[in-house]
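Spelled out from the first residue to the last, the chains are:
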Amino acid sequence: MIALCVGLLTSVAAVAAQAASAADCPGHPDAIGTSRTIVVDPRAHPMIGTMQYAKTLPLADREVVLTFDDGPLPKYSNQILDILAAHCAKATFFLIGRQANGNPEGVRKVRDAGHTVATHSQNHPTGMDRLPLDRSKQEIEQGIASVTAALGDGTAPAPFLRIPGLRVNNGIEEFAASKGLQLWSADFPADDWRDVSANRVYELAMQRLEQKGKGILLLHDIQPRTVAALPRILRELKTRGYRIVHVVPATPDRPATPTEPQQWQLHPPSEMVAISRWPKVPKFASAGPAALPVPALSDLDWHTSDLGARASRRGRVVPLPPVTLWPRQTTLPPTGTLAALPVPARSIFKIPESASMTLLAASARRATSTAQAQARVMEVSSAKPAGKSRHGHAAAAQPPASAGQTAQAPQGAAGAAPKPAAQAKRNGRSVRVAGLKKR
Ligand SMILES: [Zn+2]
C-alpha cells in the first residue's frame, strides 16, 4: 500500500513537472507544447495501434502522439522539424534506411531536436507481407543498421518499428517481437500520402481524432501537403484541448512508465457500460486484420501507383492483360467511407455445414404440407353426410379467422338457397381442388 502511494505520488510529480515544461516554449506563447513523456517497454507491449491491434499507447483522453514516416527528406522534413520546434511538440519519426544513408544529417537533426528516432525498413518495399520472410527480416535489420550508422554516435534508434503501408504478416510480427521491437501501427491516419489537399489532411486528422478521442496520428514528413497542414493541426489541437505526448523506449536506467493493463486499450471497459459485458468485441477488432486484410489498409501506403503490378503478381496462373481496362486511381471509393466501414467478421463468410440440410429440410416440409392439404381435401370430399361436408369445406377452403362465420352461413341459408349446396355436393372434389390451387 505504501509502495503504491509512493509510486502514485512520484508519477503525479512527474506529470506535474512535464506539464510545467509544456507551457515552457520560449517565444511561442500559443504553442501546444508537449504535455508529458511516456516511457514504454516494447517487450511488454510488442504491437500497438488500434488500426490493426487491440492495444494502443496508454494515453489519457485528449492525448495525441504524433508520428512521421518515410523521412528524412531535407526539403520537407526540415520544415516539419521547424514547425514542431515552433510548437515545442515532440514526435516519433519512422525513418527509411535508404533515406538515412542519403541524408545522415537529417537523421541527426531529428535526434538533436529531441524527437524519437525509429525505423521503417531499409527500402520501403510495398507489400512487405508478401515478401519472403527472409527479405522482410533483412529490410528491418538493414533499416536499423542504416539509421544507427547515420546517428553516428554509437547509439541505436528506438526499438520502435513501423512496417511500410502497415503491411505486416505473422512472420514479421513474430520476428519483431523476437528482436524486442515494438510494432507500431496507428490509431488514425490523415491520408497525407494520397493526392488530397492540405485542407483535407487537416480535416481528416481532426475528424478521425474526434472519433477516437485520443491516439497515435500517422503523418508523413516528406509530403508538401503535410507541411502545409501541420501548423493548422497543431493550433486546432490546442484550441480543442488536446495535448501532445512524447513516447520514448525504456532503457536499463529509464524504467517504463507504470501503467495498468487496461490503459493499453483505447477505451477500457467500464462496469457501467453494458457493452463491455461482451468480451468478444475487442477480440473481434484484434483478430480480424491479422487473419483477413482490411481493404482500407491495402491502400495505406503512399506508393499506391503500382496497383497494376500488384494485381499481375496475384494473377500468376492466368496473366492479366498488360493494360488495365479500367481507370486506376479514380475508382477508389471516398476515403471517409473506407475508414467508417467495420472489418467484417470472418464468421460472416462462413456457410455453416448445416445450411444445405436446412434448405433441404425446408423444401421437404413445404412438399409435405402441400400433400397433407390435398389429402385433407380428398378426405373431406369423399365424406358422405352433407352437414359434415359443408363444415369440412368451409374449414379447408377458408382462412381460420372467417371459418366460424362461413360455417354459420350455410346453416342459415340452407332453405333459401339449396342450389349452390347441391352443386357443391355434386362437383365437390373438382371445385375444391381448383380453389386450393388458386390459393
Ligand atoms: Zn512509409
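Residues numbered from 1 in each chain as written. Predicted model: local features only at pLDDT ≥ 70, side-chain atom pairs only at ≥ 80, totals over all residues. Heavy atoms only, no water.

Asks: Sorry if this is basic, but what is going on with the overall build of the protein chain here?
Replies: Along the backbone of the protein chain there are 17 helices and ten strands. Looking at the protein chain residue by residue over its 439 residues, the buried ones come to 37%. Pairs at least 24 residues apart make up 78% of the contacts formed inside the protein chain by residues separated by at least 6 positions. When the accessible surface of the protein chain is split by element, carbon and sulfur atoms take 60% of a total near 24,400 Å². (Helix = DSSP H or I, 4+ residues; strand = E, 2+ residues; numbered from the N terminus. Buried < 20%, exposed > 50% of the residue type's maximum accessible area, 1.4 Å probe, protein only. Contact = heavy atoms within 4.5 Å. Areas by Shrake-Rupley, 256 points an atom, 1.4 Å probe, with all protein chains shown as cover.)

Asks: I'm lost on the state of the cysteines in this one. Help?
Replies: By definition, a disulfide links the sulfur atoms of two cysteine residues through a covalent bond. In the structure shown here, the tally under the stated rule is one disulfide. Here Cys25 engages in a disulfide with Cys88; their sulfurs sit 2.0 Å apart. Note on the Cys25 and Cys88 pair: the S-S dihedral is about 85 degrees, so by sign convention the disulfide is right-handed. On the criterion of sequence distance, the pair formed by Cys25 in the loop between helix H1 (2-23) and strand S1 (36-40) and Cys88 in the loop between helix H2 (74-86) and strand S4 (92-95) is long-range, its members being 63 residues apart. Judged by relative accessible area, Cys25 falls into the buried class, the value being 6%. (Disulfide = S-S within 2.5 Å.)

Asks: Even after reading the chapter, I still don't get the environment of Gln265, so can you show me in this structure?
Replies: The residue Gln265 is located in the loop between strand S10 (243-249) and helix H9 (280-291) in this model. Gln265 gets classed as partly exposed once you look at its relative accessible area, which sits at 30%. Linking Gln265 and Pro58, residues 207 residues apart in sequence, is a C-alpha distance of 7.2 Å. Not counting chain neighbours up to four residues away, the residues in contact with Gln265 comprise Ala54, Thr56 and Lys214.

Asks: It is not clear to me how the side chain of Arg162 should be interpreted in this structure. Could you clarify?
Replies: Note on placement: Arg162 falls in the loop between strand S6 (160-161) and helix H6 (170-178). Accessibility expressed as a relative area gives 0% for Arg162, which makes it buried. A polar contact of 2.8 Å, which involves the side chain of Arg162, links it to the backbone oxygen of Ser185. Here Arg162 is in contact with Thr67, Asp69, Phe94, Thr119, His120, Trp184, Ser185, Ala186, Ile216 and Leu218, once residues within four sequence places are set aside. (Polar contact = N/O pair within 3.5 Å; in protein donor to acceptor, adjacent residues only side chain to side chain.)

Asks: What am I meant to see in empty space enclosed by the protein here?
Replies: Any empty space left between the atoms is revealed when a probe the size of a water molecule rolls over them. As enumerated under the stated definition, the model contains two cavities of 30 Å³ or more in all. If you add up the space inside the second largest cavity, you get close to 40 Å³. If you trace the second largest cavity, you find it lined by Gln52, Tyr53, Leu161, Arg162, Ile163, Leu166, Val168, Leu183, Trp184 and Ser185. (1 Å grid on protein atoms, 1.4 Å probe; cavity = no way out; pocket = protein on both sides within 12 Å on 5 of 7 lines; lining within 4 Å. Points joined across faces, edges and corners; volume = space filled by probe spheres on them.)

Asks: Teacher, can you tell me more about the coordination of the zinc ion here?
Replies: Put simply, a metal with four donors set out as a tetrahedron has ideal angles of 109.5 degrees, and one with six donors set out as an octahedron has ideal angles of 90 or 180 degrees. The zinc ion binds to the protein through Asp70 (OD), His120 (NE2) and His124 (NE2); the donor distances cover 2.0 to 2.1 Å. Counting along the primary sequence, the residues that act as donors to the zinc ion give the motif D-x49-H-x3-H. Of this pair, Asp70 sits in the loop between strand S3 (63-69) and H2 while His120 sits in the loop between strand S5 (116-119) and helix H5 (133-151), and the two are 50 residues apart along the sequence. Here Asp70 and His120 have matching classes, each one buried. (Donors = N, O, S within 2.8 Å, 3.2 Å for Na, K, Ca; no water.)

Asks: Would you explain the packing of helix H7 (residues 198-212) against helix H8 (residues 224-239) in this entry?
Replies: Packed helices, taken two at a time, are described by the angle between their axes plus the distance between the axes. It is the contact of H7 with H8, at a shortest axis distance of 8 Å, that shows an interaxial angle of 40 degrees. As far as their axial angle goes, H8 and H7 are oblique. Classified by chirality, the crossing of H8 by H7 is right-handed. Packed against H7, whose contacting residues are Ala198, Asn199, Val201, Tyr202, Ala205, Met206 and Leu209, the element H8 presents Arg225, Ala228, Ala229, Arg232, Ile233, Glu236 and Leu237 at the interface. In the contact of H7 with H8, the residues fall into ten nonpolar, one polar and three charged. (Axes fitted to C-alpha atoms, helices over the stretch in contact; angles between N-to-C directions. Parallel < 35°, antiparallel > 145°, perpendicular 65-115°, else oblique. Left-handed = near helix turned anticlockwise from the far one by under 90°. Nonpolar A, V, L, I, M, F, W, Y, C, P; charged D, E, K, R; others polar.)

Asks: In this structure, what is going on with the packing of H2 against H8? I would like to understand it.
Replies: Between H2 and H8, whose axes approach to 9 Å, the crossing angle comes to 5 degrees. On the basis of their axis angle, the class for H2 and H8 is roughly parallel. Residues Tyr76, Gln79, Ile80, Ile83 and Leu84 of H2 form the contact with H8, whose own contacting residues are Pro224, Thr226, Val227, Leu230, Pro231 and Leu234. Of the residues contributing to the contact of H2 with H8, the split by class is nine nonpolar, two polar and no charged.

Asks: Quick question: what am I supposed to make of H7 here?
Replies: The end-to-end C-alpha distance of H7 is 22 Å, a good match for the 21 Å that 15 residues give at a rise of 1.5 Å each. Those residues of H7 that fall on the buried side of the exposure criterion are Val201, Tyr202, Leu204, Ala205, Met206, Arg208 and Leu209. (Expected span 1.5 Å × (residues − 1).)

Asks: For this particular structure, what's the right way to read the pairing of strand S9 (residues 215-220)?
Replies: Consecutive residues of a regular strand have side chains that alternate between opposite faces of the sheet. Counting buried positions along S9 yields six of six residues, so the element is predominantly enclosed. Relative to S9, S3 is paired through six bridges, and the arrangement is parallel. For Leu66, the partnering residue across the bridge sits in S9 and is Leu217. With H7 bridging strand S8 (residues 188-189) and the parallel S9, this β-α-β connection has right-handed handedness. (Pairing = 2+ DSSP bridges. Right-handed = clockwise from strand over helix to strand, strands pointing away.)

Asks: I tried to follow H2 on my own but got confused; where do I start?
Replies: Residues spaced three or four apart along an α-helix point in a common direction, a consequence of the helix completing one turn every 3.6 residues. For H2, spanning 13 residues, the distance from its first C-alpha to its last is 18 Å, which sits close to the expected 18 Å at 1.5 Å a residue. Residues of H2 that are buried include every one of Tyr76, Ser77, Ile80, Leu81, Ile83 and Leu84, and no others. Axial view of H2: buried residues confined to an arc of 160 degrees, hence all on one face. What points out from H2, more than 90 degrees from its buried face, is the exposed set Lys75 and Asp82. Looking at the buried residues of H2, the elements they touch are S3, S4, helix H4 (104-112) and H8. (Arc of directions from axis to C-beta.)

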